[in-house]
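The residues making up each chain are set out below.
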There are 4 protein chains.
Amino acid sequence: MHVIIDLCVVPLGVGVSVSAEIAACQREIQASGLEYRMHAYGTNIEGPWDEVMAVVKRCHEVVHEMGAPRITTTLKLGTRTDRDQRMDDKVASVETLLGEQ
Amino acid sequence: MHVIIDLCVVPLGVGVSVSAEIAACQREIQASGLEYRMHAYGTNIEGPWDEVMAVVKRCHEVVHEMGAPRITTTLKLGTRTDRDQRMDDKVASVETLLGEQ
Amino acid sequence: MHVIIDLCVVPLGVGVSVSAEIAACQREIQASGLEYRMHAYGTNIEGPWDEVMAVVKRCHEVVHEMGAPRITTTLKLGTRTDRDQRMDDKVASVETLLGEQ
Amino acid sequence: MHVIIDLCVVPLGVGVSVSAEIAACQREIQASGLEYRMHAYGTNIEGPWDEVMAVVKRCHEVVHEMGAPRITTTLKLGTRTDRDQRMDDKVASVETLLGEQ
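For clarity, every value in this text was computed on a predicted model and none was experimentally measured.

Enquirer: Would you mind showing me how to read the packing of aromatic side chains here?
Expert: The description of two aromatic rings rests on the distance between their centres and on the angle between their planes. Per the counting criterion, the structure on display carries 0 aromatic pairs over all chains. One cation-aromatic arrangement involves Lys90 of chain B over Tyr41 of chain C; the distance from NZ or CZ to the ring centre is 4.0 Å.

Structure representation (C-alpha cells):
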C-alpha cells in the first residue's frame, strides 16, 4: 500500500524555537531514501506504508533523544487503489486545470 | 513508546455518507483491545506505538476492501517521556483547572 | 453556513504542561454559548461559521495574552449542504450501525 | 495578528477526483492577493488573520457552489508574538541547520 503523507512534528518543552528538532527529523527522512518535499508547515513523504510510518516513529524517537519531553505530531495520510499517483502528480493535475482556465 | 492518537479516516469516492466505513474502522479499533473514545470528529486511541499504528493501517485496508478507492486520514499523535499520561488524565487535568476557577 | 470543528490549540515556549492554556481556551468556548464537547486531543465545537471561527481567534489571542510566544493549532472543519447534521448525530449514526452488527 | 496556515480542503460526494474543486480553491487564494505555496497535500497561506480566514471560508462556499454536498477541511494555524516570521523563513532556518551539518 503506497501512501503519501504530510508530517508536522511539534516538540514541546524545548522553548520557542523548534528548528533543531525539525532539522533532525529531516535528516531521518533523508536517510530513509524515501521521496519527500519540505514546505513551511510540514513535509510530504511518499512510499510503502511500513517504510513511511517507520520514519514517522524514528522522528519521535530522535526528537525525544534530543531532550524534548513531549511531542505532538499532525499527520495526513492518503492512499488510493484506483490508480498509481505520486506527490508530483497531485500538484501537476491541479496546475494543469489552473493553466486551462 | 506509549502514544495517544486522534484518528479521523475519510473515504472518498463512496458518496456523501461515510458512516458505514467509519463503523468498520470502529470494529477494527474494538478488536484491537486498545483503549479508545469516539467523538464527533474522530476517535482517540492509546497504547504502544506499534499496536496503535497497526490499527490505523488496518482501517485503511478495511475501508479499501469495502470498495473505497481513496482515503485521506488526519491523525494527531502525542508522545511524552517525562511522565505516564493517559487520555483520561488529559481531560481530567483541564477539568480540574476549570473547576478551580 | 453551519460548521462542526475539532480544535486543538498547542502553545509553544511555555514548558511541557499546557493545561492552563487549554483551560483558558475552554473558558472562551464556554463563554461563546456554542455547543462543544472536549475530548483527550481537542474540542468539538459547532455553530454558525463566523461565530465558531471567532472563538478560534479568541483562543489564539488569550493564549498569547497569557504569555505564550508561539501557538500551533490543528483544526478540522466540516460543512454540508445536503442536510442538517449536528455533532451528536454523527456519533449516533455510527453507533446505530455498530449496534446493528 | 499574522498567521501562517496549511489548508487542505476535501470535498465529499463528488467522486474520487477532487482536482477541479482544489483548482477552484487555488483561484480564490490567488484572487485574495495573499502569499501562498501549494504542495502535494495542501497549501500554505500567510497574512493577517481575518484575511486568511476569509479565504478559507470562501473555499468552502465555492466548493459547495460547485455542487459538493459535504466538505471536510484540515487546517494548521501558526501565530507568534516573539518575532516576525514568514513562510520562507521557516524553511530557510531548517535548511541552514541542515547545511551546517
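Enquirer: How should I be thinking about the relation of the copies chain D and chain A in this particular structure?
Expert: One copy of the chain maps onto the other through a rotation about an axis followed by a shift along the same axis. Of the transformation superimposing chain D on chain A, the axial component is 0.0 Å and the angular component is 180 degrees, with the fit at an RMSD of 0.0 Å. Such a combination of turn and shift is consistent with a two-fold rotation axis. Residues of chain D ranked by C-alpha distance from the rotation axis are headed by His39 of chain D, positioned 3.6 Å from it. Taken together, the interface assignments show that 100% of the residues at the interface of chain D recur at the interface of chain A, consistent with an identical surface on both copies.

Enquirer: When you look at the packing of helix α2 (residues 49–65) of chain C against helix α2 (residues 49–65) of chain D in this model, what are you seeing that I'm missing?
Expert: The geometry of a pair of packed helices is captured by two quantities: the angle between their axes and the separation between those axes. Contact geometry of α2 of chain C with α2 of chain D gives a least axis separation of 12 Å together with a crossing angle of 145 degrees. Considering the relative orientation of α2 of chain C and α2 of chain D, their crossing is right-handed. Along its contact with α2 of chain C, which presents Trp49, Asp50, Met53, Val56, Lys57 and His60 of chain C, the element α2 of chain D presents Trp49, Asp50, Met53, Val56, Lys57 and His60 of chain D. Of the residues that constitute the contact of α2 of chain C with α2 of chain D, the class distribution is 6 nonpolar, 2 polar and 4 charged.

Enquirer: Before we go on, may I ask you to explain the interface of chain D and chain A in this structure?
Expert: When the parts of a complex come together, some accessible area is lost, and that lost area is often taken as the interface size. Taken residue by residue, the interface counts 32 residues in chain D and 32 residues in chain A. Regarding the contact of chain D and chain A, the summed buried area is about 2700 Å², with carbon and sulfur atoms giving 67% of it. On the chain D side of the contact with chain A, Ala40, Tyr41 and Lys76 of chain D bury the most area, a combined 26% of that side's loss. Linking Lys76 of chain D and Asp6 of chain A is a salt bridge whose minimum nitrogen-to-oxygen distance equals 3.1 Å. Counting across the chain D and chain A interface gives 15 residue pairs in polar contact (both at pLDDT 80 or more). When residues of the side of chain D that touches chain A are traced back to their parent elements, those giving at least two are β1 (2–12), α1 (19–32), β2 (35–39), β4 (70–80) and α3 (87–100) of chain D. By residue number, the principal contributor to the side of chain D that touches chain A is α3 of chain D, which donates 8 residues. The residue inventory of the side of chain D that touches chain A, partitioned by class, reads 16 nonpolar, 9 polar and 7 charged.

Enquirer: How should the interface of chain C and chain D be read in this particular structure?
Expert: Counting from both sides, the interface comprises 26 residues of chain C and, opposite them, 26 residues of chain D. Summing the contributions of chain C and of chain D, the shared interface buries around 2100 Å²; its carbon and sulfur component is 55%. Interface area lost by chain C to chain D is led by Lys57, Arg70 and Leu77 of chain C, which between them contribute 23%. One can count 2 salt bridges joining chain C with chain D. Lys57 of chain C is paired through a salt bridge with Asp50 of chain D; the nearest N and O atoms lie 3.0 Å apart.

Enquirer: What exactly am I supposed to notice about helix α2 (residues 49–65) of chain A here?
Expert: The α-helix advances 3.6 residues per turn, and as a result positions three or four apart in sequence lie on the same side. Between its first and last C-alpha, α2 of chain A extends 24 Å over 17 residues, near the 24 Å set by a 1.5 Å rise per residue. Within α2 of chain A the residues assigned to the buried category are Trp49, Val52, Met53, Val55, Val56, Cys59, His60, Val62, Val63 and His64 of chain A. At its buried positions, α2 of chain A is contacted by β1 (2–12), α1 (19–32), β3 (42–48) and β4 (70–80) of chain A together with α2 (49–65) and β4 (70–80) of chain B. Gly67 of chain A, located one to two residues past α2 of chain A, shows a positive phi value of around 115 degrees.

Enquirer: I'm lost on the sheet that holds strand β3 (residues 42–48) of chain C in this one. Help?
Expert: Paired through backbone hydrogen bonds, the strands of a sheet run either parallel or antiparallel to each other. Strand order in this open sheet of 8 strands is β2(C)-β3(C)-β1(C)-β4(C)-β4(D)-β1(D)-β3(D)-β2(D), and the pairing throughout is antiparallel. Two strands in the sheet have a free side with no partner beyond their single neighbour: β2 (35–39) of chain C together with β2 of chain D. Ignoring which end each strand starts from, the neighbouring axes of this sheet average 20 degrees apart. Summarising the sheet, β1 of chain D and strand β3 (residues 42–48) of chain D pair through 6 bridges and their orientation is antiparallel. Along β3 of chain D, the bridge assignment pairs Val3 of chain D with Gly47 of chain D.

Cut-offs used in this document
Residues numbered from 1 in each chain as written. Chains lettered and ligands numbered in written order. Predicted model: local features only at pLDDT ≥ 70, side-chain atom pairs only at ≥ 80, totals over all residues. Heavy atoms only, no water. Phe/Tyr/Trp six-rings, centres within 6.5 Å; stacked < 30°, edge-to-face > 60°. Lys NZ or Arg CZ within 6 Å of the ring centre and 35° of its normal. Least-squares fit on C-alpha atoms with pLDDT ≥ 70 in both. Contact = heavy atoms within 4.5 Å. Axes fitted to C-alpha atoms, helices over the stretch in contact; angles between N-to-C directions. Helix = DSSP H or I, 4+ residues; strand = E, 2+ residues; numbered from the N terminus. Left-handed = near helix turned anticlockwise from the far one by under 90°. Nonpolar A, V, L, I, M, F, W, Y, C, P; charged D, E, K, R; others polar. Buried area = accessible area lost by both parts, 1.4 Å probe. Salt bridge = Lys/Arg side-chain N within 4 Å of Asp/Glu carboxyl O. Polar contact = N/O pair within 3.5 Å; in protein donor to acceptor, adjacent residues only side chain to side chain. Expected span 1.5 Å × (residues − 1). Buried < 20%, exposed > 50% of the residue type's maximum accessible area, 1.4 Å probe, protein only. Pairing = 2+ DSSP bridges.

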